[in-house]
Amino acid sequence: MVSHPTIIKPENNIQQTVNRAAALCGSPAADVMGLSTTEAINLFYRQVKLRNGLPFNVVIPNKTTEKVFKDTDANRNMIRCEDADDMFDKFGI
């Protein structure tokens, strides 16, 4: 019997442009989980395949959420807290 070497396909390289803010936020999160950026991207693609779709819900913010985003971006209607205890006191929790 003739033995044939196993042919291993090279990895596919994907080049994408990523929003700078997303990249700056995503890299530290991957680091905390002990993942390189490449491992995080591979994990994402595996999850897409396993779930036959995105591994998270994609939703459009409702009007209330949009208003909160606009207000916080403009530094309006903010409740400032010194720490968790202060926050609980201010919210009556």
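Rules and cut-offs
Residues numbered from 1 in each chain as written. Predicted model: local features only at pLDDT ≥ 70, side-chain atom pairs only at ≥ 80, totals over all residues. Heavy atoms only, no water. Helix = DSSP H or I, 4+ residues; strand = E, 2+ residues; numbered from the N terminus. Buried < 20%, exposed > 50% of the residue type's maximum accessible area, 1.4 Å probe, protein only. 1 Å grid on protein atoms, 1.4 Å probe; cavity = no way out; pocket = protein on both sides within 12 Å on 5 of 7 lines; lining within 4 Å. Points joined across faces, edges and corners; volume = space filled by probe spheres on them. Salt bridge = Lys/Arg side-chain N within 4 Å of Asp/Glu carboxyl O. Phe/Tyr/Trp six-rings, centres within 6.5 Å; stacked < 30°, edge-to-face > 60°. Patch = residues over 30% accessible without salt bridge, like charges linked within 9 Å, V, L, I, M, F, W, Y side chains within 5 Å. Areas by Shrake-Rupley, 256 points an atom, 1.4 Å probe, with all protein chains shown as cover. Lys, Arg positive; Asp, Glu negative; His and termini not counted. Charge placed at Lys NZ, Arg CZ, Asp CG, Glu CD.

## Some remarks on the overall build of the chain
Here comes step 1: For the chain, the count of helices and strands is 4 helices and 0 strands.
Here comes step 2: Taken from the N to the C terminus, the helices and strands of the chain come in the order α-α-α-α.
Here comes step 3: Taking all 93 residues of the chain together, the buried fraction comes to 3%.

## A word on the side chain of D71
Here comes step 1: Mapped onto the elements, D71 comes out in helix α3 (residues 63–73).
Here comes step 2: We classify D71 as buried; its relative accessible area is 10%.

## Observations concerning the layout of surface pockets
Here comes step 1: The calculated volume of the largest pocket comes to roughly 810 Å³.
Here comes step 2: Taken together, 21 residues line the largest pocket, and the ones lying closest to its centre are T37, A40, I41, N42 and Y45.
Here comes step 3: Broken down by secondary-structure element, the contributors of at least two residues to the lining of the largest pocket are α1 (20–32) and α2 (37–51).
Here comes step 4: Ranked by residues supplied to the lining of the largest pocket, first place goes to α2 with 8 residues.

## A few points about the pattern of salt bridges
Here comes step 1: Throughout the structure, instances matching the rule amount to 3 salt bridges.
Here comes step 2: Across the salt bridge formed by D71 and K67, the nearest N and O atoms sit 2.6 Å from each other. In this pair, D71 and K67 both sit in helix α3, 4 residues apart, roughly one turn of the helix.
Here comes step 3: Given a relative accessible area of 46%, K67 falls into the partly exposed group.
Here comes step 4: Three or more residues joined by partner-sharing salt bridges are found here, namely K67, D71 and R76.

## Some remarks on the packing of aromatic side chains
Here comes step 1: According to the stated counting rule, one finds 2 aromatic pairs in the structure shown.
Here comes step 2: Taken together, the aromatic side chains of F44, Y45 and F56 make up a single cluster linked through ring pairs.

## Looking at a negative patch on the surface
Here comes step 1: A grouping of E82, D83, D85 and D89 is seen on the molecular surface, where their side chains present a negatively charged patch.
Here comes step 2: Take D83: it is sitting in the loop between α3 and α4 (84–91).

## Let's talk about unusual backbone geometry
Here comes step 1: Look at N52: it is not a glycine, yet its phi comes out positive at around 55 degrees.
Here comes step 2: In this fold, N52 is placed in the loop between α2 and α3.
Here comes step 3: Taking the relative accessible area as the measure of exposure, N52 reaches 73% and is therefore exposed.
Here comes step 4: Positive phi values are uncommon outside glycine, yet N77 reaches one of about 55 degrees.
Here comes step 5: Positionally, N77 belongs in the loop between α3 and α4.

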